[in-house]
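# Coordinates in review
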Amino acid sequence: MDKFIIRGGKPLRGTIATGGSKNAALPILIASLLTDEPCVVRRVPRLRDIVTTLRLLEFLGKRVVQDNASVRIYSRKGLKTQAPYDLVKQMRASVLVVGPLLARFGGVRVPLPGGCAIGLRPIDLHLKGFEQMGAKVSLERGDAVMSARRLHAARIPLRFASVGATENLLMAASLLEGGTTIENAAREPEIADLAVFLRSMGAQIEGEGTRRICVRGRRVLRGAEHEVIADRIEAGTFLIACAATRGSVFLKGARPGHLRNVLKKLQEAGCKVQASSAGIGLSAAGRPDPVDITTQPYPGFPTDLQAPWMALMSLAKGQSMIRERIFEKRFLHAGELARLGARLSVDGDMVCTDGVGKFSGALVMASDIRAGAALLVAGLAAGGKTEISRVYHIDRGYEAVEKKLRRLGADIIRVKS
Ligand code: UD1
């Protein structure tokens, strides 16, 4: 298991390009299961979760050719409709194969998914939506088994605006000829990006990015080419790291419109933000002002930046509150931040931080992707040496992160072990 060794305390300075979005690339790659024609997806980040997705597609029967950031997906003979436990347990997004496979073949079996260790993460909304489309759902020895003689279009109100459920149902609906409406749909930019891809495959989709998505699908979809949007979470993490190290960076290609809430909070914390169609610039001079956040579905403050934000606020000139409203138990990083000197108290879904003047380096461990990102932010800001273990979590979500940080002047190395 690799480690990162950081000698912190150096301001991040310079320009880097923002990578393609992991969370947009995953469903788009999986949507290739909707057709037998070739699909080409560009600007795919090189990440562990992408490797897992490509292995899953290959297991199910696709041929995958990867050339730098482009992925070509071809059909071989038929497709399997059963996903393997060893891949699904590594990545929760594997459950997205259900929509395409159920709509195409009338049956699918997937183990209940794994992924980050961040509390209970059920898939009841996905399953209920497929039931509303006419599927029979049963749970057999830890697998979700679904079948439908013929899935039909439906009106599906989601109890909660789940990103995964919206994507899964959107993909299935794209193969159904009637009109499906997803009410209380998630509005994340990654969903809009998936809709663009499905539209180029032949589906008619309206309302992506709003609470109601209407889909009129087709029995047969064609192959399509697509370039994935920039990763707003990677961009947000680098901006927060820049704020924590009191640096000045420019992130080429980052989309300000996708990070409006985060940029507003960074400005409230005292950072100077310059946003344009070319990207986002940020500079920070002193300790941040304390700013409270509550995570919410898009366009609210993203849960995926809550952990890095906690690292930043632990250095603020006073107390701030962080409330996590999306996931249970997403505070595993709080204890690790405390090792670097953060003063935090956790109470249910809230954390109160009492900012300290500086962190000092320590041995810490990443417990999930974003907790790992928080430790990177903290380690970069800390005086002395920080050693982060279990960086495979960080590798799931951040492409070549140590190389990008080195380009911004950070002293960080990966130690293979
Ligand atoms: C996606 C993102 C993840 C992000 C999250 C919230 C991908 C690959 N991952 O995850 O990075 O943190 O959105 O923005 O895109 N829930 C249920 N039942 C369900 C589905 C979800 O109760 O059937 C709950 C979950 O337990 C969680 C909340 O809804 O508490 C949000 O989950 P969801 O929006 O589905 O997140 P993911 O799609 O898993």
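Residues numbered from 1 in each chain as written. Predicted model: local features only at pLDDT ≥ 70, side-chain atom pairs only at ≥ 80, totals over all residues. Heavy atoms only, no water.

Before going further, it helps to spend a moment on the overall build of the protein chain. When helices and strands are tallied, the protein chain shows 14 helices and 23 strands. Rg of the C-alpha trace for the protein chain: 21 Å, near the compact-globule value of 22 Å for 417 residues, within the 12% margin. Per-residue burial over the protein chain gives 58% buried out of 417 residues. A total accessible area of about 16,600 Å² is found for the protein chain, and carbon and sulfur atoms account for 48% of it. One way to put it: in the protein chain the 63 positive side-chain charges average out to a point 2 Å from where the 39 negative ones average out. (Helix = DSSP H or I, 4+ residues; strand = E, 2+ residues; numbered from the N terminus. Rg over C-alpha atoms; globule rule 2.2 N^0.38 Å. Buried < 20%, exposed > 50% of the residue type's maximum accessible area, 1.4 Å probe, protein only. Areas by Shrake-Rupley, 256 points an atom, 1.4 Å probe, with all protein chains shown as cover. Lys, Arg positive; Asp, Glu negative; His and termini not counted. Charge placed at Lys NZ, Arg CZ, Asp CG, Glu CD.)

Moving on: helix 11 (residues 332–339). Those residues of helix 11 not exposed but buried are H333, A334, E336 and L337. Residues of helix 11 that are buried sit in contact with helix 10 (306–313), strand 19 (344–347), strand 21 (363–365) and helix 12 (369–381). Taken from the residues just after helix 11, G341 is the one with a positive phi, measuring 115°. (Contact = heavy atoms within 4.5 Å.)

This next bit is on the packing of aromatic side chains. Taken as a whole and judged by the stated rule, the model has one aromatic pair. Here the basic side chain of K80 rests over the ring of F59, its NZ or CZ set 4.4 Å away from the ring centre. (Phe/Tyr/Trp six-rings, centres within 6.5 Å; stacked < 30°, edge-to-face > 60°. Lys NZ or Arg CZ within 6 Å of the ring centre and 35° of its normal.)

Counting 75 residues, the largest nonpolar core has L29, V97, F130, M133, L151, L170 and L198 as its most contacted members. Those residues within four positions of M133 in sequence are excluded, and the remaining contacts are R150, L151, H152, A154, I156, L169, A172, A173, L176 and T180. L282, L315, A362 and A366 belong to the second largest nonpolar core, which has 69 residues in total. (Core = buried A, V, L, I, M, F, W, Y, C linked by side-chain atoms within 4.5 Å.)

Taken together, 20 residues are adjacent to the ligand, and D124, L125, S162, D304 and I326 come closest. L125 is positioned such that a nitrogen or oxygen atom in its backbone is 2.7 Å from an oxygen atom of the ligand. D304 places a polar side-chain atom, nitrogen or oxygen, 2.6 Å from an oxygen atom of the ligand. Look at the ligand: alone it shows 740 Å² of surface, and the protein chains cover 87% of it. Among the elements that line the shell around the ligand, the one with the most residues is helix 5 (residues 124–132), at three residues. Of the residues that constitute the shell around the ligand, the class distribution is nine nonpolar, five polar and six charged. (Near = heavy atom within 4 Å. Polar contact = N/O pair within 3.5 Å; in protein donor to acceptor, adjacent residues only side chain to side chain. Nonpolar A, V, L, I, M, F, W, Y, C, P; charged D, E, K, R; others polar.)

All right, on to the domain arrangement of the protein chain then. As assigned here, the protein chain comprises domain 1 (3–15 + 231–415) and domain 2 (23–227). Relative to domain 2, the C-alpha centre of domain 1 lies at a distance of 31 Å. Taken together, the contacts link 21 residues of domain 1 with 20 residues of domain 2. By the criterion of area lost to domain 2, the three top residues of domain 1 are Y298, R396 and E399, representing 35% of everything that side buries. The interface formed by domain 1 and domain 2 includes two salt bridges. (Domains from an automatic or database assignment. Buried area = accessible area lost by both parts, 1.4 Å probe. Salt bridge = Lys/Arg side-chain N within 4 Å of Asp/Glu carboxyl O.)

Turning next to the sheet that holds strand 14 (residues 248–252). Pairing is mixed in the open sheet, where four strands are placed in the order 2-14-16-15. Of all strands in the sheet, those with a lone pairing partner are strand 2 (13–17) and strand 15 (272–276), marking the two edges. Strand-to-strand twist of the sheet, defined as the mean angle between neighbouring strand axes without regard to direction, takes the value 10°. (Pairing = 2+ DSSP bridges. Axes fitted to C-alpha atoms, helices over the stretch in contact; angles between N-to-C directions.)

Here the bond from Y298 into P299 is cis, since omega is 10°, no more than 30 degrees from zero. One can find P299 in the loop between strand 17 (293–294) and helix 10. The phi dihedral of R246 is positive, around 60°, even though this residue is not glycine. With respect to the helices and strands, R246 occurs in the loop between helix 8 (232–245) and strand 14. Backbone geometry at R390 places phi at a positive 55°, although glycine is not the residue there.

Before going further, it helps to spend a moment on helix 9 (residues 260–268). Residues of helix 9 that are buried include every one of V262, L263, K265 and L266, and no others. For helix 9, the arc enclosing every buried residue in end-on projection is 160°, short of the 170-degree limit, so these residues lie on one face. In this structure, the buried side of helix 9 is in contact with helix 8, strand 15, strand 16 (279–283), strand 17 and helix 10. (Arc of directions from axis to C-beta.)

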